[in-house]
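# Architecture and fold: a report
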Amino acid sequence: MKSFPFALVIHGGAGAHTDVEYKPQEAHIRKTLENGREWLTLGVSALDAVIMAVKALEESGLYVAGRGAAPNLAGFTELDASVMEGRTRRCGAVAAIRKVKSPVEAARAVMEKTSHVMLAGSGADNFAAEAGLDLIDDPESYYRPSAQDQKAAAKRGAELSTHGTVGAVALDIHGHLAAATSTGGTFGKRHGRIGDTPLIGAGTWADAQVAISSTGHGEYFIRLCAAHDIAARMEYGGQPLRQAADALIGSLGRLGGDGGVICLDKNANIAMPYNSQGMKRGFIRGNEEIFVSTF
Ligand code: ASP
């Protein structure tokens, strides 16, 4: 059987600020990528790899996702996540959930255990409980918003919300792609606000050709249908990955938005453009040296 060059690309959010250090996040991204190399070498599917990577990022409390999520203006956390498998175009998402430890696992459960693509609010929380996912007993003691991300948010000023989503895209040795994204949303968001992260085509996309995960000011990513826009430029416009990804970031800037995307195509080409000050990111590809950087 032909085996393909595997790759895993992850991001820890585009809400990075040049005055702030992101050493803990960079070390954690490196560790997650090392684990990812082992999983993919063993033949784990792209779908499993992105779920395991995003779950590790969520659990760490180092990013604005999962355990690191910050409360909304009403004082409590609401989380969003989505996942998509390229070969089958199966996908699942959850929005504004409050009780689940791993939003990305809840998104996968929606994909695999229901006939729906997205569940929101208490219905999604109840579904996750029925599906046997780990729940949060005491939100007060569970959440640990990262000091670095809060500092970055403060530096950007009260009028601008900032962000620190996590995401992963993977290509497995069978040549299949998948993408997943998870977030606590933007700092200072309203109760009920849902961003791009759980929206298939905006925050997350995977097809047979390319997998994409977005991070940034979600409202702009929704208006651009950002992740799918990159795939469409490749599919209908014949653009190579990097050109398509750069074009999307160009459109984002012209609209007044900021953020970045991680993209991986079926030939293991990688693009990670952003127009924010930084984006915590990294990748492994086959036996190449690990790449990790924020700026
Ligand atoms: N895109 C996310 C949202 O708007 C935030 C982020 O990427 O950090 O909810």
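Quick summary incoming for the structure in this document.

## A closer look at the sheet that holds strand 6 (residues 177-183)
Taken in spatial order, the 8 strands line up as 4-3-2-6-5-1-11-12 in an open sheet, and their pairing is mixed. Edge strands, defined here as strands with exactly one partner in the open sheet, are strand 4 (118-120) and strand 12 (291-293). Ignoring which end each strand starts from, the neighbouring axes of this sheet average 5 degrees apart. Here strand 1 (residues 7-11) runs beside strand 5 (residues 166-171); their pairing, made up of 5 bridges, is antiparallel.

## Comments concerning the sheet that holds strand 8 (residues 210-216)
Taking strand neighbours across the sheet as the criterion, the 4 strands line up as 7-8-9-10 in an open arrangement whose pairing is antiparallel. Strand pairing shows two members of the sheet lacking a second neighbour, strand 7 (204-206) and strand 10 (270-271), which therefore form its edges. In this structure, strand 7 lies alongside strand 8, joined through 3 bridges in antiparallel fashion. Across the sheet, residue Ala206 finds its bridge partner in strand 8, namely Ala211. In this fold helix 8 (residues 226-237) packs onto strand 7, strand 8 and strand 9 (259-265), with an angle of close to 145 degrees to the strand it touches most, strand 8. Its contacts with the sheet place helix 9 (residues 241-255) against strand 8, strand 9 and strand 10, and it is angled at close to 165 degrees to strand 9.

## Considerations on the packing of aromatic side chains
Applying the stated criterion across every chain yields a total of 3 aromatic pairs. Between Phe283 and Phe291, the ring centres sit 5.5 Å apart and the planes meet at 20 degrees, which makes this aromatic pair stacked. It is Arg67 that lies over the ring of Tyr142; its NZ or CZ is 4.9 Å from the centre. Here the guanidinium or amino end of Arg98 rests over the ring plane of Phe76, the centre of that ring lying 3.7 Å away.

## Considering the side chain of Asp80
By the secondary structure assignment, Asp80 is in strand 2 (residues 79-85). It turns out Asp80 is buried and unbridged, and the closest side chain with the opposite charge, Lys189, is 4.8 Å from it. Every residue in contact with Asp80, bar those within four places of it in the chain, is listed here: Val94, Ala95, Ala96, Thr181, Ser182, Thr183, Ile194, Gly195, Thr197 and Pro198.

## Some details on unusual backbone geometry
Although it is not a glycine, Arg89 adopts a positive phi angle of roughly 60 degrees. Among the structural elements, Arg89 can be located in the loop between strand 2 and strand 3 (91-97). Here Arg89 falls in the partly exposed class, since its relative accessible area comes to 47%. Its identity is not glycine, yet Cys225 carries a phi of approximately 45 degrees, on the positive side.

## Points about the nonpolar core
Grouped together as the largest cluster of nonpolar side chains are 47 residues, with contacts concentrated most on Leu8, Ile10, Leu33 and Val83. Per-element accounting of this core gives the leading share, 8 residues, to helix 2 (residues 46-60). Excluding its chain neighbours within four sequence positions, the residues that come into contact with Ile10 are Ile29, Thr32, Leu33, Ala53, Leu57, Gly167, Ala168, Ile262, Lys280, Arg281 and Gly282.

## As for the environment of Val110
By the secondary structure assignment, Val110 is in helix 3 (residues 103-113). As a C-alpha pair, Val110 and Asp134 span 24 residues in sequence and 15 Å in three-dimensional space. Setting aside its immediate chain neighbours within four residues, Val110 contacts Gly92, Ala93, Val94, His116, Val117, Met118, Leu119 and Phe127.

What counts, and where the lines are drawn
Residues numbered from 1 in each chain as written. Predicted model: local features only at pLDDT ≥ 70, side-chain atom pairs only at ≥ 80, totals over all residues. Heavy atoms only, no water. Pairing = 2+ DSSP bridges. Helix = DSSP H or I, 4+ residues; strand = E, 2+ residues; numbered from the N terminus. Axes fitted to C-alpha atoms, helices over the stretch in contact; angles between N-to-C directions. Contact = heavy atoms within 4.5 Å. Phe/Tyr/Trp six-rings, centres within 6.5 Å; stacked < 30°, edge-to-face > 60°. Lys NZ or Arg CZ within 6 Å of the ring centre and 35° of its normal. Buried < 20%, exposed > 50% of the residue type's maximum accessible area, 1.4 Å probe, protein only. Lys, Arg positive; Asp, Glu negative; His and termini not counted. Salt bridge = Lys/Arg side-chain N within 4 Å of Asp/Glu carboxyl O. Core = buried A, V, L, I, M, F, W, Y, C linked by side-chain atoms within 4.5 Å.

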